[in-house]
Amino acid sequence: MSDDSDGLDGLGSLAQSARSKQLRSAKIAMIAVGILTIGANAFMGLGAKAFVEAAFARELKGIPADQIDNAKLAELKESAVKTVQLSAVAFSALGVVFIVLGLLVYRAPVLCTSLGLILYLGGWAIDAAFDPAMLLKGILIKAIVIAALVKALKAAIEYQKEHATAAEAS
Amino acid sequence: MQPPDESEWETSGTVDDPAAEPVVDASGEEPVETVHSPCRRCRRLVSELAANCPYCGLRRVQSSPEFAEQAPGGCTTPPDSGRGWSVLIAGFAVSLVAFILCDLILTNSALVDFDDERQKLIAMGCIDGVYAFIVVVFAIALRRYQSIPRPDVAQWIVWPVSFVAMGLALAANFGYHQALISMGVRELELVPAGSEYWPWWIVTICVQPAIFEELFFRGSAWKVMSGALGLHATVIVSSAMFGMAHIGVPLSIPVLMVVGLVLGYARAYSGSILLPAILHFLHNLAVVLW
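Residues numbered from 1 in each chain as written. Chains lettered and ligands numbered in written order. Predicted model: local features only at pLDDT ≥ 70, side-chain atom pairs only at ≥ 80, totals over all residues. Heavy atoms only, no water.

### With respect to the confidence of the model for chain B
Residues and elements named next belong to chain B.
Here comes step 1: Here chain B averages 78 in pLDDT, while 74% of its residues score no lower than 70.
Here comes step 2: Here residues 1-25 is modelled with pLDDT under 50, and outside its nearest four sequence neighbours on either side it reaches 35 contacts, counting other chains as well.
Here comes step 3: Predicted confidence is poor over residues 63-79, with pLDDT under 50, and the contacts of this stretch with residues over four places away or in other chains come to 24 contacts.
Here comes step 4: On the interface metric, ipTM, the complex scores 0.78, and its pTM is 0.74. (pLDDT = per-residue confidence, 0-100. Contact = heavy atoms within 4.5 Å.)

Set out below in structure tokens:
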């Protein structure tokens, strides 16, 4: 039995090793998402005025100039620019959170993977609420990230359980 | 040591099967009825009395009320909490998608004129109804999960402190939104001034979220998460989920997470969703009135 138990303990270590690899994938995914989020939103924040001008031009296309209240339009544009800039700052902060969660994933596996997954799904939903086309844009990459985070969450739950059991046994 | 004859285990029956043939214990004395549970590694049924799984050798932790108290957070979560997390995340994703699709349908079709208050109220009521249905479905799916026991703090302390904390969170909410307005962000008018549909707005904005959002975030989600995360981490994750669910007002998400923290601790220390539901109702009422 002792030979078998060595082999069986080895099986347990293999399982933990596999879970650890999935956590590492989640770490890489979260850090990558964080860096991309910060980059994309920095670009959005710096170009907020241009984006808002372009969006308003699309909406006002075909409307005669004498039907537009220019004072109100200027006020709306300014408000829109401020909103875009604040959103860019908020999403950049979210990107920082992703990086921190990725770095801390081995310290608190379930907490970090679950938070990362929730924040990623929420971020995607916010994008889609503003621009419904974002629901399907880049869906392959988003599906891969979500799958990695879901797998990592399940692995994290088992990883944490085994750690707790090992700690109690010792 | 040889593992016991598999045929004995096969005839020993399943968990709590009264028709099962009882297992003979090692001393060969009178048969002892045993309860079986699946091994965490190989998922085969193993007697609760066994120290090690006879199939894969995994050391078994004895299930007992004493163990449940000693386990991290004193959890009574069923063994397969991974399924619970899958259902929970699916529920969260479905509710987000449902909100986006409803919003898409209502804003881009000719069905609703959002300048007409009555139609706007009906549209919001429909979205609330869809959300309520999703919450109830997932509450039923996760009904078997149990929360960790609440900390031993007197309720006559918990309730007043929670109301004070919610007051502070509300002040932070108002201060935060005033700061946004001063930065030039347009304020969203929830209820038109002088509206004749006040009772319906109260039901839509105050009563429905207090019931169904609490049922999801501090009810079903709480039960699944608390066993794996413990008290403080569950409060953090549930408040993140709560904040992120308000995708219609994304700039309010940070302060809503703070409100979610207050509601989460109220749930943790009161042991039920009644207190957070009352706090949530009062918070939304204050936001609508002011």
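### Side note on a nonpolar patch on the surface
Here comes step 1: Taken together, the side chains of Leu136(A), Ile139(A), Leu140(A), Ile141(A) and Ile144(A) present a nonpolar region at the surface, about 550 Å² in accessible area.
Here comes step 2: In this structure, Ile144(A) sits in helix H5 (residues 139-169). (Patch = residues over 30% accessible without salt bridge, like charges linked within 9 Å, V, L, I, M, F, W, Y side chains within 5 Å. Areas by Shrake-Rupley, 256 points an atom, 1.4 Å probe, with all protein chains shown as cover. Salt bridge = Lys/Arg side-chain N within 4 Å of Asp/Glu carboxyl O. Helix = DSSP H or I, 4+ residues; strand = E, 2+ residues; numbered from the N terminus.)

### Quick word on the interface of chain B and chain A
The extent of an interface is frequently quoted as the accessible surface area lost upon association of the parts.
Here comes step 1: In this complex, chain B contributes 38 residues to the contact, which on the side of chain A involves 37 residues.
Here comes step 2: Summing both sides of the interface, chain B and chain A together bury roughly 3,200 Å²; the carbon and sulfur share of this comes to 76%.
Here comes step 3: Taken together, the connections running from chain B to chain A amount to one residue pair in polar contact (both at pLDDT 80 or more).
Here comes step 4: Of all the secondary structure elements, the ones that give two or more residues to the side of chain B that touches chain A are helix H3 (81-108), helix H6 (198-229), helix H7 (231-244) and helix H8 (253-270) of chain B.
Here comes step 5: Here the side of chain B that touches chain A gets 10 residues from one element, more than from any other, and that element is H3(B). (Buried area = accessible area lost by both parts, 1.4 Å probe. Polar contact = N/O pair within 3.5 Å; in protein donor to acceptor, adjacent residues only side chain to side chain.)

### Section: the nonpolar core
Here comes step 1: Grouped together as the largest cluster of nonpolar side chains are 69 residues, with contacts concentrated most on Val110(A), Trp85(B), Leu88(B), Phe92(B), Phe216(B), Leu229(B) and Met241(B).
Here comes step 2: Excluding residues that lie within four positions of it along the chain, Leu229(B) makes contacts with Val110(A), Leu111(A), Trp85(B), Thr234(B) and Val237(B).
Here comes step 3: Grouped together as the second largest cluster of nonpolar side chains are six residues, Leu121(B), Trp201(B), Ile202(B) and Ile205(B) included. (Core = buried A, V, L, I, M, F, W, Y, C linked by side-chain atoms within 4.5 Å. Buried < 20%, exposed > 50% of the residue type's maximum accessible area, 1.4 Å probe, protein only.)

### Examining the side chain of Ser92(A)
Residue and element names in this part refer to chain A.
Here comes step 1: Mapped onto the elements of the fold, Ser92 is located in helix H3 (residues 70-103).
Here comes step 2: Within polar-contact distance, the side chain of Ser92 engages the backbone oxygen of Ala88 at 2.7 Å.
Here comes step 3: When sequence neighbours within four positions are dropped, the list of residues in contact with Ser92 reads Ile38, Asn41 and Ala42.

### Considerations on helix H4 (residues 117-141) of chain B
Here comes step 1: Relative to the 36 Å expected for 25 residues at 1.5 Å per residue, H4(B) spans 36 Å between its end C-alpha atoms, a close match to the ideal helical length.
Here comes step 2: Those residues of H4(B) that sit buried are Glu117(B), Lys120(B), Leu121(B), Ala123(B), Ile127(B), Asp128(B), Tyr131(B), Ala132(B), Ile134(B), Val135(B), Phe138(B) and Ala139(B). (Expected span 1.5 Å × (residues − 1).)

### Looking at the packing of H4(B) against H6(B)
All names here are of chain B.
Here comes step 1: Where H4 meets H6, the axes come as close as 10 Å, and the angle between the chain directions of the two elements is 20 degrees. Considered as vectors, H4 and H6 are oriented roughly parallel to each other. The hand of the H4/H6 crossing is left-handed. Contacts between H4 and H6 pair Glu117, Lys120, Leu121, Met124, Asp128, Tyr131, Ala132, Val135, Val136, Phe138 and Ala139 from the former with Trp200, Trp201, Thr204, Gln208, Phe212, Glu213, Leu215, Phe216, Phe217 and Ser220 from the latter.
Here comes step 2: Class assignment of the residues belonging to the contact of H4 with H6 gives a composition of 14 nonpolar, three polar and four charged. (Axes fitted to C-alpha atoms, helices over the stretch in contact; angles between N-to-C directions. Parallel < 35°, antiparallel > 145°, perpendicular 65-115°, else oblique. Left-handed = near helix turned anticlockwise from the far one by under 90°. Nonpolar A, V, L, I, M, F, W, Y, C, P; charged D, E, K, R; others polar.)

### Regarding the side chain of Ser226(B)
All names here are of chain B.
Here comes step 1: Within the secondary structure, Ser226 is located in helix H6.
Here comes step 2: Given the relative accessible area of 0%, Ser226 is considered buried.
Here comes step 3: Residues within four places of Ser226 in sequence aside, it is in contact with Gln146, Ser147, Ile148 and Thr234.

### Concerning the environment of Gly62(A)
Here comes step 1: Within the secondary structure, Gly62(A) sits in the loop between helix H2 (48-59) and H3.
Here comes step 2: In sequence terms Gly62(A) and Ser13(A) are 49 residues apart; their C-alpha atoms lie 68 Å from each other.

### Here we look at the pattern of salt bridges
Two side chains carrying opposite charge are able to pair once their charged atoms lie near each other.
Here comes step 1: Throughout the structure, instances matching the rule amount to three salt bridges over all chains.
Here comes step 2: Between Lys77(A) and Glu53(A) there is a salt bridge; the shortest N-O distance is 3.1 Å. Taken together, the residues Lys77(A) in helix H3 and Glu53(A) in helix H2 connect sequence positions 24 residues apart.
Here comes step 3: Close ionic contact of Glu214(B) with Arg218(B) constitutes a salt bridge, the shortest N to O distance being 2.9 Å. Highlighted residues: Glu214(B) and Arg218(B), both in helix H6, separated by four residues, approximately one helical turn.

### Notes on the packing of aromatic side chains
All names here are of chain B.
Here comes step 1: Scanning the entire structure with this criterion turns up six aromatic pairs over all chains.
Here comes step 2: Arranged with centres 5.7 Å apart and planes meeting at 85 degrees, the rings of Phe217 and Phe242 form a pair that is edge-to-face. Placement of Phe217 in helix H6 and of Phe242 in helix H7 is noted, with a sequence separation of 25 residues between them.
Here comes step 3: Through pairs of rings, three or more aromatic residues link up here, namely Phe216, Phe217 and Phe242.
Here comes step 4: A cation over an aromatic ring shows up here: Arg218 above the ring of Phe242, its NZ or CZ 4.7 Å from the ring centre. (Phe/Tyr/Trp six-rings, centres within 6.5 Å; stacked < 30°, edge-to-face > 60°. Lys NZ or Arg CZ within 6 Å of the ring centre and 35° of its normal.)

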